[in-house]
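Observations on chain architecture
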Amino acid sequence: MLLLAILWLCYIAKRKEQPLPMKKNKSRISIPVGFKSAIVYLFATVFTRGLAIITTPIFTRIMSADQIGVVNLYSSWYSMITVVSTLALTSGGFSIALREFEKERDQYVSSVLSLTSIVAIGLTLVYSLAPSFWNGITGLPTHLMILLLIGLLVAPARDFWLSRQRYEYRYKLSGAMTVFSAVAASALAVAAVLYASSIEFSDIASVRLFANYSIIYGVAFVIWLSIFLKGRCFYSLKYWKFSLQLSLPLIGYSIASQILSVSDRLMISKMIGNSAVGIYSTLYTVSSISLMVWTAINASYTPYLYQNMENPKNKIKKLSMSMLGMYSLVAILLVYLAPEIVRILATEEYYKGIYIMPPIAGGVYFIAVSNLYSDILVYLKKTKMVMVSSAIAAALNVVLNYIMINTYGYMAAAYTTLISYIVMASLLSIWANREFKKHLKEVDFVYDNKRILVISVMTLIVSLFAISIYDYAIVRYAVAAVIFIATALYGIHYLKENKDMKKGRS
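Since the model is a prediction, treat every value here as computed from it, not as a measurement.

Points about helix H9 (residues 204–231)
Taking 1.5 Å of rise per residue, the 28 residues of H9 would be expected to cover 40 Å, and the 40 Å separating its terminal C-alpha atoms lies within 8% of that figure. Considering bend angle alone, the principal kink of H9 is centred on tyrosine 213 and spans about 30°. Immediately beyond the C-terminal end of H9, within one or two residues, lies arginine 232, with a positive phi of roughly 50°.

Details of the packing of aromatic side chains
Overall, the coordinates contain 17 aromatic pairs when judged by the stated rule. Pairing phenylalanine 445 with tyrosine 447 gives two aromatic rings, centres 5.9 Å apart and planes at 85°, and the pair type is edge-to-face. Here phenylalanine 445 and tyrosine 447 have matching classes, each one buried. Connected via pairs of aromatic rings, a cluster forms that spans Tyr74, Tyr78, Tyr213 and Tyr217.

A few points about the nonpolar core
Nonpolar side chains in soluble globular proteins generally cluster together in the buried interior. Membership of the largest hydrophobic core comes to 123 residues, with the highest contact counts inside it found for Tyr74, Tyr280, Ile376, Phe436 and Tyr447. Sort the elements by how many residues they give to this core and helix H16 (residues 357–379) lands first, with 13 residues. For phenylalanine 436, the residues in contact, after removing those within four places along its chain, are Met309, Ile376, Leu380, Lys441, Val443, Asp444, Phe445 and Val446. Listed in part, the 29 residues of the second largest apolar core include Val109, Leu162, Tyr239 and Trp240.

Regarding helix H17 (residues 383–408)
With 26 residues, H17 ought to run about 38 Å at 1.5 Å a step, and its terminal C-alpha atoms sit 36 Å apart, in line with that. Most pronounced at asparagine 401, the bend in H17 amounts to some 25°. Considered for burial, the residues of H17 that qualify are Thr383, Met385, Val386, Ser389, Ser390, Ala393, Ala394, Asn397, Leu400, Asn401 and Ile405. Downstream of H17 by a residue or two, glycine 409 has a phi angle that is positive, lying close to 95°.

Thoughts on the side chain of serine 117
Tracing the backbone through its elements, the reader meets serine 117 in helix H5 (residues 105–129). If we ignore the near neighbours within four places in the chain, the residues touching serine 117 are Leu153, Trp224 and Phe228.

Quick look at a nonpolar patch on the surface
The grouping of Leu453, Val454, Val457, Met458 and Ile461 at the surface amounts to a nonpolar patch, some 470 Å² of accessible area in total. Assignment of secondary structure puts valine 454 in helix H19 (residues 449–469). Valine 454 sits in the exposed class, given a relative accessible area of 52%.

Calculation notes
- Residues numbered from 1 in each chain as written.
- Predicted model: local features only at pLDDT ≥ 70, side-chain atom pairs only at ≥ 80, totals over all residues.
- Heavy atoms only, no water.
- Helix = DSSP H or I, 4+ residues; strand = E, 2+ residues; numbered from the N terminus.
- Expected span 1.5 Å × (residues − 1).
- Bend = angle between axes of the 7 residues up to and from the residue.
- Phe/Tyr/Trp six-rings, centres within 6.5 Å; stacked < 30°, edge-to-face > 60°.
- Buried < 20%, exposed > 50% of the residue type's maximum accessible area, 1.4 Å probe, protein only.
- Core = buried A, V, L, I, M, F, W, Y, C linked by side-chain atoms within 4.5 Å.
- Contact = heavy atoms within 4.5 Å.
- Patch = residues over 30% accessible without salt bridge, like charges linked within 9 Å, V, L, I, M, F, W, Y side chains within 5 Å.
- Areas by Shrake-Rupley, 256 points an atom, 1.4 Å probe, with all protein chains shown as cover.
- Salt bridge = Lys/Arg side-chain N within 4 Å of Asp/Glu carboxyl O.

Structure, rendered in structure tokens:
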């Protein structure tokens, strides 16, 4: 997967239809630097998330499913609350602001960081008024709520800093910091859990969380201090007004996206228990391994899309279909190898849940489809449509989860999430096509909708078919071999197409 991702980045980097600008009035950034930045970002992303996969076998063999459920419950609540505490200021609007305030970036970043810090302090005061009430709502004890609130205060600084480093193509320090903090956090968490287990300490979940986040939040705190010391701007109506005008419409979208992403785990915790959350979350992580590659590739693809969308001779249609087709094959291959992956990463307790992996993988695939269309709407400044589609999908997910989990158990959440992601992708597709034709009449739509539909339907059918042959290893291996060969042939075709297009390029 990493090789395929790097090949894709090579292709994007070598397209010279329009160079990547760094600043308005200064020399343009060279393509090689942009390419290096993309590669480093890809490596750091894959490496960081890969560590979570690598350490999974250790944690699943030491910690109970209930304890792992607590860890995932903490992560889910943090993801939900951080949307409010950051006011969506770390979204795409941050890059626009860096361009707008080109000569005042230190002051701007310091100012918006003070804004997120004020919100975090406010949430802390709200919590302190009735700790037991909020503990009951979240299902987290006081000490973990305090850890969460610390994260809400300092973590935005890290996000702002990394976003600025990527925007300015300062990839060396940001890449090194990301990798170092990930290694240190994972190593300390593993060591702490092993020690806690050896002395038979009961609350291993808290040990793991405090060990991991002491590094993550510690690094974030250093960045938090450095941003304030460098910018020395704690309030600016100009900065705040500009940023909030861009970010506030995206808060609804971010909240809806988080509800769609984590509501299944939160509802499983309330309706069944943390043990079921542990099993479901672990299998969800395995099923979405391919998503980390998609996230890294899409982060580099989106600027290219925006730079060339209004160019009548753009190659976006061909590029996007290559990317989506390759991602589909990788996602399907992981589904067919799921039993082996689970046996490596987890214990027998988790194996009973492998049947939810195909629908989860299908849902993850439709996240990629949604990204393609939502990028169009963001470019056209139609962020409200992105928000509405997410809100509809999130509401549908909550309703279906309530009905289906009560009736069929926690495994039903995989199918309700799949349905919700399909609905969201469909709405985004319809609205992106409509708005594109309204505003860019002189250019053909950049995606091949029929081909996306065919790839999506085939991905879903082939993925769900795996359920029927999970108990037949030989048949499954044969199908997996065919998929692997298809992926290899697709990669060869991709390289040939890349070479042909370079020859034909003026």
